[in-house]
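Residue-level structural notes
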Amino acid sequence: RKMSKTDDLWAELQAEDKKSRVSQPKNRGPNLPSFGAAARDDKQSTVATAELAATADVKVAYINASVLNLGAGGISGVGESGAEGDQISLVDSLQRDVNLLNSDETSTRRKALEKLHNIAGNPGTPGDVLEEAFSVMAKSLLLRFSDPVERCRDLAIRTFLHFIERVCTVAPLLPYMFPVITQRIGVFPPVEPSEEVRLLLHLVLSRVVALCGKQVAPYLDALLTMIKLAGQDSHPEIRKEGCHCCILVCGTMPALLKPHAVALVNAWKSSLAHKHARVRLAATLALGAIVPCGASSEIANLVAWQEPNVIPVKEFFHDEKAVPNRNYFAILALDQNAAVREAFLKMLTDWLRRLTDRWDHYGRLFPYVLSGMTDPVEPVATYAFETCESLGEIYEGEHEDELRDLQAYGKGNPTQQNCIERWQTRPHVPPLVRRPRLGARMLIRDQFRKLVSTIVKELTEWTQGVRLRSVQLLYVIMCYTEELLTGHTHQLLQGLTRCISLGSDPEYAGFADTPKTVLRARQCAEVLGEFADLRVVLNVLLPTAANPPSQVTGRREVTWRCSHLAVLTSIITGCNKNRAAPHTGQVLEFVRLCLEAERDDPDMLLEVAKCTSALAPAVAVGEGVEVADPCQVPESTREANTEEDAAAVAMWDQWKLPPCSRQDCLVVLLRVAACSVDAGAGLDTSDWHTVSATAIGALSEGWGGCDWEG
């Protein structure tokens, strides 16, 4: 029947039940535990708490009431294989119990409900008997949903759940059921005061949606109202069940949800920051199902995105009711529970594949997928990496014409050959265990230009943890960007040197994440050496390190040079030794300059030794080879039109040096040892032995005709 006649039907139902009321003496039934107590019972079996009922290929979050401790479970008058006449007589005898449901005595109603519950919950009750009994008592059970006694309401809803678990005739009751449930939980604040009873009513909704499917469409407005109100309920289990019901509705009637999708997102987004991890997980799953139904426009609000240089007029006025924008995706990305973070990544993956306007939201969603590769839980990080690979495959299919030439001829390029060789010979931080596919690299290169400036700024953020997460994300996107890092050399070197220098700063040295941050910054510098043009990197790094700003004096000047020297060491470590061979003279001259300037500082001596050790393999390769000037700059770019240009040209000329020899490196190492002894400070014995042994081993390999006495 249509909803317009619901009130008339309800009035008719109440009039019929008033005529059949009878009085019965008081009789107390057995003590029946509440749903909440049964669900919290520690002695309850694992099977009882975990069993789920599956219907229509959809798993419903309905706890099977037959396995809960609900009181006496025996049934009199029904055998496992009773005759048909006995079944008919049983159904006829139930009419008396149905009439007792309308008694004015609480104990009488409860006793009748207990008997009906035992019949419905007994697995041995035949299905045809349940069908016949349910048709007789369904309306009376629905009336007991509003019983003034909580125990009776609780038992009536449990009995109803037992019946709809096993019968097929649920759809004809929808015109009666939705008005009853809406009257109890369809308003705010809810009329139903008991949290356990409200949870049972939401379980009924989930079960009915799973059973009836699209037949619930005429009551969609009332259903969605109750789902949205579940997102405001104080009971976490009700929020979880509301999320499950919302997922069922999204899977059953996605087209009908389009006018309501935005309101559903606004109702459930606050649950993304709930204090219970299971509620956050359920809300994430629900949000992932709602947005594809027509709420993709809300993604900008979920990430607290705002047009640059645009301030809404309402921001100029004080509004006490205004709710500040929250970046809920940032909250999910940093969630303490790994299951929530994994569900968040799966939600983003689904959106980036399914949404028709996904390219409009790539810049807002894809950075969170990249941050997933820095997750401390390895399976989550691996899933994020595989997600990027799958999205890259989609990108290759959609941009096949643009990538055809690069796929066919790109491998012959010397730059690409160097990238392939570095991925094969150099280990990288998991999950980057192999070179990403071309489509994934192209996707992230587009995002790198937008992200690099912000990430570099956060490398020196004072908040603990932000620096570490920023440098981890920088490492990931640098590995994907490869040779295009050359165009951002100045930004990257500036950020990495400052980040490494924080390890020597007393204000930051006490933070727990500082050692990890410095280590990952050195690894970023290694990636820069692997893929960027070394000539460009050295022309930016060496003049800056040799000429610190005027305000950098004293101990800060030592830290300045040490941080630049540490970055240089990592760059040489990551670079191919054949590519580094022509530049050994430049590097060693800078090392000598640092050694002469700060020969009494132990930190500087150790960094000089490390840099020389890293340079040794390239020196052994390039010794005696005639190499063209690595710093040669075209004459058109060397015209000194201003004083600044003249100073820049002078800096370039200062570092125009031929490759150095092995003996030059060995002399530097000996001078480091001599300076350490003269200063009386000394180097750390283990560090010095390790560095010197590595350097001398590399220098002496294949070295004949050396004047060892000299």
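Every value quoted in this text rests on a predicted model; they were computed, and no experiment measured them. Residue indices follow the written sequence of each chain, beginning from 1 at its first position. In keeping with the predicted nature of the model, local features appear solely for residues at pLDDT of at least 70, side-chain atom pairs appear and are counted solely at 80 or more, and the whole-chain, interface and lining totals rest on all residues. As a rule here, side-chain values cover all heavy atoms of the structure and leave hydrogens and water aside.

**So, the overall build of the protein chain**
The test is simple: Segments assigned H or I by DSSP are reported as helices when at least four residues long, segments assigned E as strands when at least two residues long, and all are numbered from the N terminus. Between two residues, a contact is recorded if the distance between any of their heavy atoms is within 4.5 Å. Calculation of accessible area relied on Shrake-Rupley with a 1.4 Å probe; when residues are assessed, cover is drawn exclusively from the protein chains displayed.
Counting its regular elements, the protein chain contains 33 helices and 2 strands. Restricting to contacts in the protein chain with at least 6 residues of sequence separation, those with at least 24 account for 78%. By element, 52% of the accessible surface of the protein chain is carried by carbon and sulfur atoms, the whole surface being about 33,600 Å².

**A few points about helix H20 (residues 414-425)**
Spacing of three or four residues puts side chains on the same side of an α-helix, whose turn is 3.6 residues. To keep it simple, the criterion reads: To estimate the expected span of a helix, subtract one from its residue number and multiply by 1.5 Å. Here the term buried applies to any residue with accessible area under 20% of the maximum for its type, exposed to any over 50%, and partly exposed to those in between, with areas from a 1.4 Å probe on protein chains only. Each C-beta atom gives one direction from the helix axis, and the arc is the one those directions make. Pairs of N or O atoms are called polar contacts if they sit within 3.5 Å, as long as, within protein, a hydrogen donor faces a hydrogen acceptor (for residues adjacent in sequence, only side-chain-to-side-chain pairs).
Over its 12 residues, H20 extends 16 Å from the first C-alpha to the last, a length consistent with the 16 Å expected when each residue adds 1.5 Å. The set of residues buried in H20 consists of Gln 416, Asn 418, Cys 419, Arg 422 and Trp 423. With its buried residues spanning 155 degrees around the axis, H20 presents them on a single face. Opposite the buried face of H20, by more than 90 degrees, sit the exposed residues Pro 414 and Gln 424. The backbone nitrogen of Thr 415 has a side-chain oxygen 2.9 Å away, supplied by the residue at the start of H20, namely Asn 413.

**Points about the packing of helix H16 (residues 338-354) against helix H17 (residues 362-372)**
The following threshold applies: Angles run from 0 to 180 degrees between N-to-C directions of axes, and those axes are lines fitted to C-alpha atoms, restricted for helices to the stretch in contact. Any angle from 65 to 115 degrees is called roughly perpendicular, while one under 35 is roughly parallel, one over 145 is roughly antiparallel, and all others are oblique. By the definition used in this description, the sense in which the near helix is turned from the far one sets the handedness, with an anticlockwise turn below a right angle giving left-handed and a clockwise turn giving right-handed. Any residue that is not Ala, Val, Leu, Ile, Met, Phe, Trp, Tyr, Cys, Pro, Asp, Glu, Lys or Arg is counted as polar, Gly included; the first ten are nonpolar and the last four charged.
Between H16 and H17, the least distance of the axes is 10 Å, while the angle of their chain directions is 140 degrees. In terms of their interaxial angle, H16 and H17 are classed as oblique. Along this stretch, H16 crosses H17, giving a crossing that reads as left-handed. Along the contact surface, H16 presents Phe 344, Leu 345, Leu 348, Trp 351 and Leu 352, while H17 presents Tyr 362, Leu 365, Phe 366, Tyr 368, Val 369 and Gly 372. Class assignment for the residues of the contact of H16 with H17 results in 10 nonpolar, 1 polar and no charged.

**A short note on the packing of aromatic side chains**
The condition that has to hold: Working definition: a ring pair exists when centres of Phe, Tyr or Trp rings (six-membered ring for Trp) sit within 6.5 Å. Plane angles under 30 degrees give stacked, over 60 give edge-to-face, the rest tilted. Lysine and arginine charges are scored as sitting over a ring when NZ or CZ, respectively, is within 6 Å of the ring centre and within 35 degrees of the ring normal.
Under the defined criterion, the tally for this structure stands at 12 aromatic pairs. Ring geometry for Phe 134 and Phe 160: centres 5.6 Å apart, planes at 55 degrees, overall tilted. Of this pair, Phe 134 sits in helix H6 (residues 127-143) while Phe 160 is found in helix H7 (residues 150-166), placing the two residues 26 residues apart along the sequence. Given a relative accessible area of 0%, Phe 160 falls into the buried group. Within the aromatic cluster, the residues linked to one another by ring pairs are Phe 134, Phe 145, Phe 160 and Phe 163. Here the guanidinium or amino end of Lys 346 rests over the ring plane of Tyr 383, the centre of that ring lying 5.9 Å away. Cation over ring: Arg 364 sits above Trp 305, and NZ or CZ is 4.3 Å from the ring centre.

**A few points about the state of the cysteines**
Formally: Only a pair of cysteine sulfur atoms within 2.5 Å qualifies as a disulfide here.
In this structure the tally under the stated criterion is 0 disulfides. Looking at Cys 293, it has no disulfide partner, and the nearest cysteine sulfur is the one in Cys 250, 4.2 Å off.

**Observations concerning the environment of Gly 231**
Here Gly 231 is to be found in the loop between helix H10 (220-230) and helix H11 (236-252). Taking the C-alpha atoms as reference, Gly 231 lies 8.0 Å from Ser 270; in sequence the two are 39 residues apart. Those residues in contact with Gly 231, other than ones at most four positions away along the chain, are Arg 239, Ala 267, Trp 268, Ser 270 and Ser 271.

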